[in-house]
Amino acid sequence: RFSIDEGQTWSTHNFTSTSVFVDGLLSEPGDETLVMTVFGHISYRSDWELVKVDFRPSFPRECTDDDYESWELTNLQGDRCIMGQQRSFRKRKISSWCIKGRSFTSALTSKVCECVNSDFLCDYGFERSALLKSESSKCFADFWFNPEAPPEDCVLGQAYTSSTGYRKVVSNVCEGGVDLQQNLAQHMCPLIAPKGLQISIREESLAVKPGEDITFVVRQEQGDILNTKYQVDLGDGFKAIYVNLTMTGEPIRHRYENPGIYRVSVKAENVAGHDEAVVFVQVNSPLQALNLEVVPVVGRNQEVNLTAIILPKNPNLTVFYWWIGSNLQPLLTLDNFLVTKFAETGDVRVTVQASCGSSMLQDSKVVHVFDHFHVLPLKFTKHLDMYNPDIPEWREDIGRVVTRLLAKETNIPEETLMTVVKPGLPTTADLHVLLPANQPKRKRSVTSDKRIAAIKQALNAHNISFFLRGGYWVLVTLADSGSDSQRIGGGSGYWAIVVLFVICLVAVGAFILYKKLPGRNVYAQMHNEKEQEMTSPVNHSEDTQNIIQG
């Protein structure tokens, strides 16, 4: 079916001999407008069927002026004035079977209308009555809007107009008639208190390094800016007063030399009031070293202290993440230590991460958890403190020396002995006597007693000794042979070992070479099977206090 008189009459024509499912209709551009292509398919499995329909024979001539009539544009209500103007067009008469041609123009005349109420909408902050909601109803200010309030960019001494609640529709060209905006009231801009003050960092990083440039930007959302003073306090003693700070947009550049947390504040103030903005800046040095210190052997369900030593020290600026075993959820602390317990025996890996600003370091240690073992407290004379740099590597090597000598003298497997030198001064240590893993449970106590007796005998016989470079011979003996060791998981009592230093000029075959690195002391070890020699990290002539500080 097709119509050439705007749908008043319809004609029927069979374009194909069989039924076709029509998928679309295309018309040719330009002069071929009357040529159309119908495309579809006979069945869903068939190929495309194209039918070309040419209506040009039905329109044998071009249209003349007598073939057109005027037509006025109206809305659904029949109003001829739309968007402030009345427009008429010309169109082909229904009875004229002719082609418009390329020179055809549809616009005929255009006339501006007088303004009416429908040409206006409610202004910002206004709405029509909820009961009427018609174009003839009045616009009222919303509860949150004050039509008399000055605009945000109002400057003292200038004037502003308050809205009557109406504004003309955008692109409406009506003139005269009703003017709902004619009663605009003029007001002088008052002095407005600053409001919405903000201070931010251009680099968007609240953590910087000492000596690094930082740029502060101050913004103000509302209020007077020409007659407002801005008091800036950068937290490190720098204070200044600015004028027109937010209008010029000039940033404040600064540099913090010392680590710490700085409170940066800006106060904007004029006669009408004031506002304040605060930001906290963290200035910290990047972490250079992290060491996890934990007793390598602990008892099941026994409290153990995990301590993270960092360099340089940044109190209140470092966050510590603790992973215990295979737990994927870390524990977070601001302190560099954590007290915990291990409920199961075996080897448990403890990992700590220290995060300070943009730097993060990690260290990990394995803790051996047992049900039963012996602990022999060791105590050294004050002379050893002169050679104690209080670093983990030194303590670990001293522990290995004592363990190796005891194992060699007593024929006790070295893997069942572990000497742990404690951090700090005075220098102390614990000797852990572990139970063999392949020993039957009923024989473990007897074996442990024999090993303890063998250790006592070796120490009482002065058979455990090693040499320090500088002429100090270290002799390990029992302080009180009548006491017993501490037994974790059973038994009680303590015994101690006193390390005596005797001046000796015996040549040595091994030494430990200390090196000084920035922020941390580390050293390389060279040794042989018989003796071990150590070089002091400082000269013997320096006093003990300087050694400890070093």
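This report concerns the structure included in the present document. (Residues numbered from 1 in each chain as written. Predicted model: local features only at pLDDT ≥ 70, side-chain atom pairs only at ≥ 80, totals over all residues. Heavy atoms only, no water.)

**Describing the packing of aromatic side chains**
The condition is simple: Stacked, edge-to-face and tilted are the three classes for Phe, Tyr and Trp ring pairs, Trp counted by its six-membered ring, which pair at centre distances within 6.5 Å; planes under 30 degrees apart are stacked, over 60 edge-to-face, the rest tilted. The helix count covers DSSP runs of H or I at least four residues long, the strand count covers runs of E at least two residues long, and both are numbered beginning at the N terminus.
Here the structure, examined in full by the defined rule, presents 12 aromatic pairs. Plain terms: the ring middles of Tyr 124 and Trp 144 are 5.8 Å apart, the flat faces sit at 70 degrees to each other, and that makes the pair edge-to-face. One end of the pair, Tyr 124, is in the loop between strand E10 (120–122) and strand E11 (126–128); the other, Trp 144, is in the loop between strand E12 (139–141) and strand E13 (159–162), and 20 residues separate them in sequence. Centroid distance Phe 126 to Phe 145: 5.6 Å. Interplanar angle 65 degrees. Geometry classified as edge-to-face. Residue Phe 126 is located in strand E11, and its partner Phe 145 is located in the loop between E12 and E13; the two are separated by 19 residues in the primary sequence. An aromatic cluster of at least three residues, connected via ring pairs, comprises Tyr 124, Phe 126, Trp 144 and Phe 145.

**Remarks on the sheet that holds strand E18 (residues 213–222)**
Stated precisely, the cut-off is as follows: In this scheme, strands are said to pair when DSSP sees at least two bridges between them. Axis definition: a line fit to C-alpha positions, over the contact stretch in the case of helices; interaxial angles, taken between N-to-C directions, run 0 to 180 degrees.
The three strands lie next to each other as E16-E18-E21, forming an open sheet whose pairing is antiparallel. Edge positions in the sheet fall to strand E16 (195–201) and strand E21 (252–255), since each of these pairs with one other strand and no more. Each strand of the sheet is rotated relative to its neighbour by a mean of 25 degrees, with strand direction disregarded. Where E18 lies against E21, four bridges are found, and the strand directions are antiparallel. Residue pairing in the sheet places Asp 213 in a bridge with Arg 255 of E21.

**Topic: unusual backbone geometry**
In this structure, the amide linkage connecting Leu 311 to the following residue, Pro 312, adopts the cis form with an omega of -10 degrees. Examined against the element boundaries, Pro 312 turns out to sit in the loop between strand E26 (304–311) and strand E27 (319–324). The residue after Leu 425, namely Pro 426, is reached through a cis peptide bond having omega 0 degrees. Phi is positive for Met 83, which is not a glycine, with a value near 55 degrees.

**Structural notes on the pairing of strand E30 (residues 346–356)**
Note the following rule: Think of it in three bands: residues with accessible area under 20% of the maximum for their type are buried, residues over 50% are exposed, and the middle band is partly exposed, with areas taken using a 1.4 Å probe on protein chains only.
The element E30 is largely enclosed, with a buried count of eight among its 11 residues. As paired elements, E27 and E30 share six bridges and run antiparallel to each other. Counterpart to Tyr 321 in the pairing with E30 is Gln 353. Between E30 and strand E31 (residues 359–370), which pair antiparallel and follow one another directly, the connecting turn spans two residues, one of which, Gly 357, has a positive phi of 65 degrees.

**Examining the side chain of Thr 37**
Quick reminder of the rule: Contacts are assigned to residue pairs that have any heavy atoms within 4.5 Å of one another.
Structurally, the position occupied by Thr 37 is in strand E2 (residues 35–41). For Thr 37, a relative accessible area of 18% corresponds to the buried category. Discounting chain neighbours no more than four positions away, the residues touching Thr 37 are Gly 24, Leu 25, Leu 26, Glu 28 and Val 51.

**Things to note about the sheet that holds strand E1 (residues 21–27)**
In space, the three strands of this open sheet follow the order E1-E2-E3, with antiparallel pairing throughout. Strands at the two margins of the open sheet, each flanked by one partner only, are E1 and strand E3 (48–54). The mean inter-strand angle of the sheet, taken between neighbouring strand axes irrespective of direction, is 20 degrees.

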